[in-house]
Amino acid sequence: MSTPSLSPRALMSLLFNASKAMDVLETALTMGLLDALEPGPVGLGDLATRFDVRPLRLYKFLDCLESVGVVEREEKSDDITEASYRAVPGLRDAVRAVVGPGSLERDRDQYPWRRLHGRLAESLRGEVSMTDDDFAWPPKTDEQTASFEQSMSVGLGPVLEVFGRHADRLWSGRRRFLDVGGGDGTLAARVLRDAPELRVDVYNLPAVGPLVEQTRTGCVAPDRLGFVGGDFFAEPLPTGYDTISFVRVLHDWPNDVARMLVEKAYAALPPGGMLLICEEFRTPDRLAMQFFWSYFLIGVDSCVSRLREVEFYTSLLTETGFEKIEVLPGGWELVVAHKPER
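Please read these numbers as outputs of a predicted model, since none were measured by experiment. (Residues numbered from 1 in each chain as written. Predicted model: local features only at pLDDT ≥ 70, side-chain atom pairs only at ≥ 80, totals over all residues. Heavy atoms only, no water.)

This paragraph deals with unusual backbone geometry. Between Gly-40 and Pro-41 the backbone carries a cis peptide bond, its omega angle lying at -5 degrees. Here Pro-41 lies in the loop between α3 (33-37) and β1 (42-43). If you check the backbone angles, Asp-52 has positive phi at about 55 degrees while not being a glycine. Locating Asp-52 in the fold gives a position in the loop between α4 (44-51) and α5 (55-67). The residue Arg-248 is not glycine, and still its phi comes out positive at about 55 degrees. Relative to the helices and strands, Arg-248 is located in the loop between β7 (243-247) and α14 (255-268). (Helix = DSSP H or I, 4+ residues; strand = E, 2+ residues; numbered from the N terminus.)

Let's shift gears to the packing of aromatic side chains. In total, this model carries 19 aromatic pairs according to the counting rule given. Judged by centre distance (5.1 Å) and plane angle (70 degrees), the rings of Tyr-111 and Trp-293 are edge-to-face. Of this pair, Tyr-111 sits in the loop between α7 (104-109) and α8 (120-124) while Trp-293 sits in helix α16 (residues 291-296), and the two are 182 residues apart along the sequence. Residues Tyr-111 and Trp-293 agree in their burial class; the two are buried. Clustering of aromatic rings is evident, with ring pairs tying together Tyr-111, Phe-135, Phe-148, Phe-292, Trp-293 and Phe-296. Lying over the aromatic face of Tyr-241, Arg-176 brings its terminal NZ or CZ to 4.3 Å of the ring centre. Over the face of the ring belonging to Tyr-266 we find Lys-339, whose NZ or CZ atom lies 4.7 Å from the ring centre. (Phe/Tyr/Trp six-rings, centres within 6.5 Å; stacked < 30°, edge-to-face > 60°. Buried < 20%, exposed > 50% of the residue type's maximum accessible area, 1.4 Å probe, protein only. Lys NZ or Arg CZ within 6 Å of the ring centre and 35° of its normal.)

With that settled, consider the nonpolar core. Counting residues in each nonpolar core, the largest one holds 44 residues, and the members touching the most others are Phe-135, Phe-246, Leu-275 and Phe-296. The set of elements that each furnish at least two residues to this core consists of α9 (142-154), β4 (176-180), β7, α14, β8 (274-278), α16, α17 (310-320) and β10 (334-338). Top element by residues in this core is α14. It accounts for seven residues. With near-sequence residues (within four places) excluded, Leu-275 lies in contact with Ile-244, Ser-245, Phe-246, Val-262, Ala-265, Leu-269, Leu-317, Phe-322, Val-335, Val-336 and Ala-337. Formed by 30 residues, the second largest nonpolar core is a distinct cluster that contains Ala-189, Leu-192, Val-212 and Val-247. (Core = buried A, V, L, I, M, F, W, Y, C linked by side-chain atoms within 4.5 Å. Contact = heavy atoms within 4.5 Å.)

Partitioning the protein into structural domains gives domain 1 (8-99) and domain 2 (104-339). For domain 1 versus domain 2, the separation of C-alpha centres amounts to 37 Å. (Domains from an automatic or database assignment.)

Bringing the packing of helix α2 (residues 18-31) against helix α6 (residues 91-99) into the picture now. Two numbers describe a pair of packed helices, the interaxial angle and the distance between the axes. Following both chains from N to C, one finds α2 and α6 inclined at 115 degrees, their axes separated by 10 Å at the closest point. Between α2 and α6, the angle falls in the class roughly perpendicular. Where α2 crosses over α6, the two elements pack in a sense that is left-handed. Facing Met-22, Leu-25, Glu-26 and Leu-29 of α2, the residues of α6 in contact are Leu-91, Arg-92, Val-95, Arg-96, Val-98 and Val-99. Among the residues making up the contact of α2 with α6, the classes are represented as seven nonpolar, no polar and three charged. (Axes fitted to C-alpha atoms, helices over the stretch in contact; angles between N-to-C directions. Parallel < 35°, antiparallel > 145°, perpendicular 65-115°, else oblique. Left-handed = near helix turned anticlockwise from the far one by under 90°. Nonpolar A, V, L, I, M, F, W, Y, C, P; charged D, E, K, R; others polar.)

Turning our attention to the sheet that holds strand β2 (residues 71-74). Taking strand neighbours across the sheet as the criterion, the three strands line up as β1-β3-β2 in an open arrangement whose pairing is antiparallel. Edge positions in the sheet fall to β1 and β2, since each of these pairs with one other strand and no more. For β1 and strand β3 (residues 84-87), the ladder comprises two bridges, and the chain directions are antiparallel. Bridged to Gly-43 within β3 is Ser-84. Against the sheet, α5 engages β2 and β3, with an angle of about 125 degrees to β2. (Pairing = 2+ DSSP bridges.)

Shown next as structure tokens:
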């Protein structure tokens, strides 16, 4: 299904009414309408009977869905009950992901973004800011550390998917994997399920250690999940690993810092070692998904979330000396590179 692009004026009107649009979508999900619409086409009369609703009101409800580009309508006569509808493929799962109990958007909405709302001009001038109690980077207390890492683990779905999809080719012959900045160990624990011969260590600030320990006790192979405390700014990366990853790490830093970290990984890896980079690369979809952080971080000077094109990373890897560079497809693409054998 293809939908013509909206004019700027129409888009502005739709954005203004975004909360109403979400009300319509959430209602369609909870009523079960999306289950009926996605396989489509289905007639309005049939829908009205199945869900015991008034046909004319349902017609207008479905107009709301059509207006946001998620439903296609076909009318063959003046009788509205003969109109048929079909939803965009994947709509039901997308709505469930956004408004369901594990929603990334609901998690992010808990941050105190309202401090900035209506005051963006003052924030841009530095007159309004997030405080350390709102958002500290890096986290300054155990509570802030736990809250931040828990929130980050909520957004790991696309990462877990791409690592799982390519597990056979990633881990064959690999023995030791260091996940740099690996949060509470959620990704490491997932990798262990796919790689029975692999030992995985999370490298992160020492304050994160207890969170990885909690993950370790509940994972399928606790004896193969470890933690190494350190600061990748102040220290070289640990050696002894044939695979190192940066997952949602490099985008937090300027280009020169990203380059420095990739160079540290190159120095730490043995010949034939593998580096993995998984980030939200810059695409229209990723920019839309990133909207909350772009908005929220307007009031934070200590960090920035920079979406870069994938070519930035592939070029950086080549310049650093890596070879056999591939971009593997997935929810988020996974960049794979190898240190030359010599």
